[in-house]
Structure formats: structure tokens, C-alpha cells
Amino acid sequence: MHDIRAIRAEPEAFDAAMARRGLPPIAQELLAYNDRRRDAEQRYQEIQTRRKLVGQKVGSLKQAKSSDDREILDLQAEALSLREMSNSVERDALGASYELNSRLETLPNILDADVPDGRDESANVTLKTWGQAPEFDFTPRQHFELGEALGLMDFAGAAKIAGARFTVLRGKLARLERALGQFMIDLHTNEHGYEEMAVPSLVNDAAVYGTSQLPKFSEDLFRTTDGRWLIPTAEVPLTNMAAAEITPQASLPWRMTALTDCFRSEAGSAGRDTRGMLRQHQFRKVEMVSITHPEQSDAEHERMTRCAETVLERLGLSYRRLLLCTGDTGFGSARTFDLEVWLPGQQAWREISSCSNMRDFQARRMNARFRAADGKTLGFAHTLNGSGLAVGRALIAVMETYQQADGTIRVPEALRPYLGGLETISA
């Protein structure tokens, strides 16, 4: 959510920021709604003041023995008229406020100055590449070919019980996926300083609104019959832990992580990644969230991204870091680093983590504030979130990177303690 005072101070700069997002000028429209709201609120207060004076005068006249009944009747008529005017002006103020908020809540975050301009992912900038893509003396297969050949990845069974875009993992492959999630959460809690959280998979409207999935992206979510939402990522419950709270500056940054199931409708992705596990309605992910002081958020963004990169490095997976361009940066983000992992079976880079600095965009929506070190000053916190990592996609990367000519899969060294020393995934 944007601060209307900041828009009033620099309307041209705000329009320029929205133009980078591909939106037309809107500052003057927003200011007009705000002026209408302020004028109505001022008029409402004037009417209320007059109503109070009239009420006091009627009371005084009724107490006076020599009161004029005509004057009392006139004042009572005025009081009735003022009440009607008050109701009308209040409705106008509420209407203007609703229109203003309806516009503001659909506007994306202001992008950082260093975000490169570009219409789509082709304009993203590669900042670094780590590791060497594995070389094979055979033609590498994709994960679903490996999984089905091993009898450990069952798409038909999943379709029978749930439909398209679901997968059933069996035996050692299910255990390998569980090991990946456990390895990630242990790394972030034991070495990276994140607090592990066990959070609900169902959240209310306010939580989804606070992290800016609502109202714009409701079609991307699953909603239950009682009005709750299945979380698309643990970012939603974790970030909302700070909602309506005032956190002491000394307690920042507040770092949280969780391993959860995530649920996405994949609206608009018809025909994309229909085979395999790349794009699922349900998947597991380890999420990292930081609530920070504004002066810390740039450093925290780099730190969070390095935490995600460390997972890939410990697993021996080749990756690259991208700075997303204006046309590819998410709605609520001011700046985003994507990590893409190399998939030998696809011969392609695919996203496995997205780490974003939201600045105070989410904090304003959910009223997440901090109390400065002076004990008095209040400010909006900065919120950040990042995948650390998407477990299903990490499984895909491990399968394709560590595949062998006979179709078996070597287990990365970092995961063997979680698998009782198992070195190879076989049928």
C-alpha cells in the first residue's frame, strides 16, 4: 500500500514510478479522491460541532422557565436537518475513502532505482553463476522419465485421486524429498539464525490481503467453503506474525522460516510444464521471512539470498543469480533476486528460489511497525521473503544432476545423514 502523503509531495515521481510498471498516470486521480475524503471529513466535523451547540442550546432553553417554544421548535428542526446532513456527508467521506483505497490496493510497489528496465524475463540480468553443469557420457533424462522408470514417481495414481498437476512419490524418492526439506530447515535454523515456525495452512482474508495476494491475485489461490484461503507460500502466515504489532528495534531483524505445503491454482498456466513436477497445485517449500529496520533491508536482502544460495552449494547444484527487470518483478516487490538451477534433463535453467525486498509495502497493508531505539518514534518495518528452497524443484534438480547411466540416482553427500547413509536411489 502506498502513502498518499508521499504521493501528494511528489505526484510526478509517483507517476514515473508507476510508468516503469507499465501503468498510466494516476496520481491526480488518487489526490482527487483524497481531497474529496478530506473535505467531507472536515464538513462532517463542522456539522457535528454545530449539532452539539444546537443540542446544548435546546437543553438550556428547556431549563429556562421563560423559554420560547417557537425557538425550541426551530432548533429541533435544525438538529434534525443537521443529522440528515451528517449522515449524507459521512457516506460521502466513506465512499471517497473506499474509492481511494480500492485504487491504492491494486497498485504495485515502487521499484528500486537499480531494477533494470524490460518488458519480460528476457531483460533480466545475470549477476553470477556458480558451479559447473554436469557432463554425462549418456543422454541425460528428465526427472519424470527417471522417476517413472524407477517406479517411484506415480502421476497416474495422483491423477486418479486428485486430478492433473499432482504427484505421488513412493519409497526412496519420497524419503529423498523429505530429506531435502529437513536438510534445508536444519541449515536455516542451525547456521543461518532463522527461527523455525509451524504455521497454519489456512489463513483469513486479512492475512492474504496483508501480503498483497488480495484482491489482485485471488484467482491464483484456493479458497475453502468457510471463506479461508490455502496458503500459496508460508510467506503469508510468517509475515503476518508482525501484523498489527509494534516490534522493538532491538528485536530486529526478526527472521523466521517454515517448511509447509503450498497450494496454487496455477491460473493462466494451461499448457505450461504439464509433464512432471515443475508446476504443481500442491508442493512443499521452505520459506524465509525477515522483518527488518528500513536501514537494514538492503543488507538483509543480500544475506537472505546468500542463505538460499548456500543450500544449492551444499547440494552441489549449479545455479545462477538474476536481478529481475521491471516487467518480471512481482507486484509487491521493490527488488527481486531469482536463483535458477541447471536441469540437465531439460538442458535449461529453471527458477528454484525468489528472494524479494518488499520495503514497507506489505507493512503498511498490515500495520506492521517498529519502535525506534529512542523508545518513542514509530515507523513501518520492511519485510522480505525468499524461498530456501522449493523442495519439489530441488528434488528435480538432484535427480537430473545426480542421475547415472543405469537410471539410478546418487544421493548428494549433504543428504546422506538424513537417509541413514543411503548412497543411491534405485528401483
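Residues numbered from 1 in each chain as written. Predicted model: local features only at pLDDT ≥ 70, side-chain atom pairs only at ≥ 80, totals over all residues. Heavy atoms only, no water.

Novice: Quick question: what am I supposed to make of the pairing of strand S8 (residues 254-263) here?
Specialist: Two faces, one strand: in a regular strand the side chains alternate between the faces of the sheet. Buried residues dominate S8, accounting for seven of its 10 residues. Where strand S4 (residues 195-196) meets S8, two bridges bridge the pair, whose relative direction is parallel. Residue pairing for S8: Glu195 is matched across the bridge by Met256. The sheet contact formed by S8 and strand S9 (residues 282-292) spans 10 bridges and is antiparallel. Bridge assignment links Met256 to a residue of S9, and that residue is Val289. (Buried < 20%, exposed > 50% of the residue type's maximum accessible area, 1.4 Å probe, protein only. Helix = DSSP H or I, 4+ residues; strand = E, 2+ residues; numbered from the N terminus. Pairing = 2+ DSSP bridges.)

Novice: Just to check I follow, could you spell out the pattern of salt bridges for this structure?
Specialist: Here the idea is simple: oppositely charged side chains can pair when their charged atoms come close. Tallying each qualifying case throughout the model produces 36 salt bridges. Among the ionic pairs, Lys285 bridges to Glu287, the shortest N-O distance being 2.4 Å. An identical accessibility class is assigned to Lys285 and Glu287; each is buried. Between Arg320 and Glu340 there is a salt bridge whose closest N-O contact spans 2.8 Å. In this pair, Arg320 sits in strand S10 (residues 319-323) while Glu340 sits in strand S11 (residues 335-343), placing the two residues 20 residues apart along the sequence. Its relative accessible area of 22% is what places Arg320 among the partly exposed residues. Members of the salt-bridge network, linked through shared partners, are Lys128, Glu302, Arg306, Glu309, Glu313 and Arg321. (Salt bridge = Lys/Arg side-chain N within 4 Å of Asp/Glu carboxyl O.)

Novice: Before we go on, may I ask you to explain the environment of Pro253 in this structure?
Specialist: Structurally, Pro253 can be placed in the loop between strand S7 (246-248) and S8. Separated by 131 residues in the primary sequence, Pro253 and Ser122 have C-alpha atoms spaced 34 Å apart. Every residue in contact with Pro253, bar those within four places of it in the chain, is listed here: Ile291, Thr292, Gln296 and Glu300. (Contact = heavy atoms within 4.5 Å.)

Novice: What am I meant to see in the pairing of S11 here?
Specialist: Within S11, nine of the nine residues are buried, leaving the element largely enclosed by the surrounding structure. Of the two faces of S11, the one holding Arg335, Phe337, Leu339, Val341 and Leu343 and the one holding Thr336, Asp338, Glu340 and Trp342 are both buried throughout. Two strands pair when backbone bridges link them, and S10 and S11 are joined in this way by five bridges, in the antiparallel orientation. Across the sheet, residue Leu323 finds its bridge partner in S11, namely Phe337. Of the strand pairs in this sheet, S11 and strand S12 (residues 348-357) are connected by nine bridges, and their pairing is antiparallel. The partner of Arg335 across the bridge, within S12, is Asn357. Following S11, the chain reverses through four residues before pairing antiparallel with S12; Gln347 in that reversal takes a positive phi of roughly 55°.

Novice: Teacher, can you tell me more about helix H2 (residues 11-20) here?
Specialist: An α-helical turn contains 3.6 residues, so any two residues separated by three or four positions project in the same direction. Three or more residues of H2 are buried, namely Pro11, Phe14, Asp15, Ala17 and Met18. Along the axis of H2, the buried positions cluster into a sector of 160°, meaning they face one direction only. Each element contacted by the buried residues of H2 is listed here: helix H1 (4-9) and helix H3 (27-63). Downstream of H2 by a residue or two, Gly22 has a phi angle that is positive, lying close to 85°. (Arc of directions from axis to C-beta.)

Novice: What am I meant to see in the sheet that holds strand S1 (residues 125-130) here?
Specialist: Taken in spatial order, the eight strands of this open sheet run S1-S10-S11-S12-S15-S9-S8-S4, and their pairing is mixed. Strand pairing shows two members of the sheet lacking a second neighbour, S1 and S4, which therefore form its edges. The pairing of S1 with S10 spans five bridges and is antiparallel. Bridging across to S10, Thr129 finds its partner in Arg320. Of the strands in this sheet, S4, S8, S9 and strand S15 (382-390) touch helix H7 (residues 171-190), which is tilted by about 165° from S8. Along the sheet face, helix H10 (residues 297-315) touches S1, S8, S9, S10, S11, S12 and S15 and points at about 5° away from the line of S15. (Axes fitted to C-alpha atoms, helices over the stretch in contact; angles between N-to-C directions.)

Novice: Mind showing me how you'd approach the nonpolar core here?
Specialist: For soluble globular proteins, the rule of thumb is that nonpolar side chains tend to be buried together. Residues Leu173, Leu180 and Met184 are the most contacted members of the largest nonpolar core, which totals 48 residues. Mapped by element, the contributors of at least two residues to this core are helix H5 (143-150), H7, S9, H10, S11, S12, S15 and helix H12 (391-401). When neighbours within four sequence positions are excluded, Met184 is seen to be in contact with Val286, Val311, Gly388, Leu389, Val391 and Ala394. Counting residues in hydrophobic clusters, the runner-up holds 17 residues, among them Met197, Val289, Ala363 and Ala372. (Core = buried A, V, L, I, M, F, W, Y, C linked by side-chain atoms within 4.5 Å.)

Novice: Please explain the UniProt feature "binding site: ATP" (unreviewed entry) in the protein as it appears in this structure.
Specialist: As recorded in UniProt, the feature "binding site: ATP" (unreviewed entry) lies at Arg264, Ser265, Glu266, Glu351, Ile352, Ser353 and Ser354. By the element assignment, Glu351 lies in strand S12. When residues no more than four places from it in sequence are discounted, the contact partners of Glu351 are Asp338, Leu339, Glu340 and Arg393. Inspection of the secondary structure puts Ser353 in strand S12. If sequence neighbours within four positions are ignored, Ser353 has contacts with Ala308, Phe337, Asp338, Leu339, Ser387 and Leu389. (UniProt positions renumbered as here; feature names shortened; annotations may be inferred.)

Novice: What am I meant to see in the sheet that holds strand S13 (residues 369-371) here?
Specialist: Two orientations exist for strands paired in a sheet by backbone hydrogen bonds: parallel and antiparallel. Spatially, three strands are ordered S7-S13-S14 in an open sheet, and the strand pairing comes out mixed. Each edge of the sheet is formed by a strand with only one pairing partner; in this case those strands are S7 and strand S14 (378-380). When strand polarity is set aside, the average angle formed by the axes of neighbouring strands in this sheet is 35°. Alignment of S7 against S13, held across three bridges, turns out to be parallel. Note on S13: the bridge partner recorded for Ile246 is Arg369.

Novice: I tried to follow the packing of aromatic side chains on my own but got confused; where do I start?
Specialist: By convention here, two paired aromatic rings are described through the distance between centres and the angle between planes. Summed over all chains, the structure comprises six aromatic pairs. It is Arg321 that lies over the ring of Phe337; its NZ or CZ is 4.8 Å from the centre. Residue placement shows Arg365 over the ring face of Tyr209; its charged tip is 4.3 Å from the ring centre. (Phe/Tyr/Trp six-rings, centres within 6.5 Å; stacked < 30°, edge-to-face > 60°. Lys NZ or Arg CZ within 6 Å of the ring centre and 35° of its normal.)

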